[in-house]
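# Architecture at a glance
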Amino acid sequence: NNPPYNAGAFRFELSFSPHHPLSPPHATLRTRIYPPGVDPAGGVCLPLTSARHWAPTTRAVQVLQDLLLLIDHPDPQRVLRQDLARQLQLQPQEFWLRAEQETRCHAEPRPEP
């Protein structure tokens, strides 16, 4: 929704176990992206889907909203890449420029509305 990530589209996978809704889904970004809350393998820092915080009443749309929040508004408390979190805090212009370059290089074109 917000620059620089809105310059492209990103694929993700939301996997549900046979025990859903008693166990949380697993979210993975399949498109390379440059926020501190996503690791190089596409793993995401979503406490909402951790076994500790999961509630069977949580809906998939809430998981997707949490994923968008993680990307649109990087949170220093939800970090999987310390190097990017440090860059965002100490050199924000450089971080956002690199995020824009990575988005243009790896993201897919956004679908037409």
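Just so you know, these numbers come straight off a predicted model, no measurement behind them. (Residues numbered from 1 in each chain as written. Predicted model: local features only at pLDDT ≥ 70, side-chain atom pairs only at ≥ 80, totals over all residues. Heavy atoms only, no water.)

### Considering helix α2 (residues 82-90)
Those residues of α2 that sit buried are Leu84, Ala85, Gln87 and Leu88. Buried residues along α2 cover an arc of 160° about the axis, so they all sit on one side. Of the exposed residues in α2, the ones pointing more than 90 degrees away from its buried face are Gln89 and Leu90. Its buried side turned inward, α2 meets α3 (92-106). (Buried < 20%, exposed > 50% of the residue type's maximum accessible area, 1.4 Å probe, protein only. Helix = DSSP H or I, 4+ residues; strand = E, 2+ residues; numbered from the N terminus. Arc of directions from axis to C-beta. Contact = heavy atoms within 4.5 Å.)

### A few points about the environment of Phe16
Along the chain, Phe16 falls in the loop between β1 (12-15) and β2 (26-29). Put simply, Phe16 and Ala27 are 11 residues apart on the chain and 9.1 Å apart in space, counted from C-alpha to C-alpha. Leave out the neighbours within four places in its chain, and Phe16 touches Pro25 and Ala60.

### Some details on the packing of aromatic side chains
Enumeration according to the criterion identifies four aromatic pairs in this entry. For the pair Tyr5 and Phe10, a centre-to-centre distance of 6.3 Å together with 70° between the ring planes defines the contact as edge-to-face. Of the residues examined, Tyr5 reaches a relative accessible area of 4% and is grouped as buried. Judged by centre distance (4.9 Å) and plane angle (85°), the rings of Phe95 and Trp96 are edge-to-face. Aromatic rings pair up to connect Tyr5, Phe10, Tyr34, Phe95 and Trp96 into one cluster. (Phe/Tyr/Trp six-rings, centres within 6.5 Å; stacked < 30°, edge-to-face > 60°.)

### A word on the UniProt feature "domain: UBC core" (unreviewed entry) in the protein
Mapped onto this numbering, the UniProt entry annotates "domain: UBC core" (unreviewed entry) at residues 1-108. Helix makes up 34% of residues 1-108 and strand makes up 7%, while its end C-alpha atoms are separated by 15 Å. (UniProt positions renumbered as here; feature names shortened; annotations may be inferred.)

### A few points about helix α1 (residues 60-72)
Helix length check: α1 (13 residues) gives 18 Å between terminal C-alpha atoms against 18 Å at 1.5 Å per residue, within 8%. Every buried residue belonging to α1 is among Val63, Asp66, Leu67, Leu70, Ile71 and Asp72, and all of these are buried. Taken together, the buried residues of α1 touch β1 and β2. (Expected span 1.5 Å × (residues − 1).)

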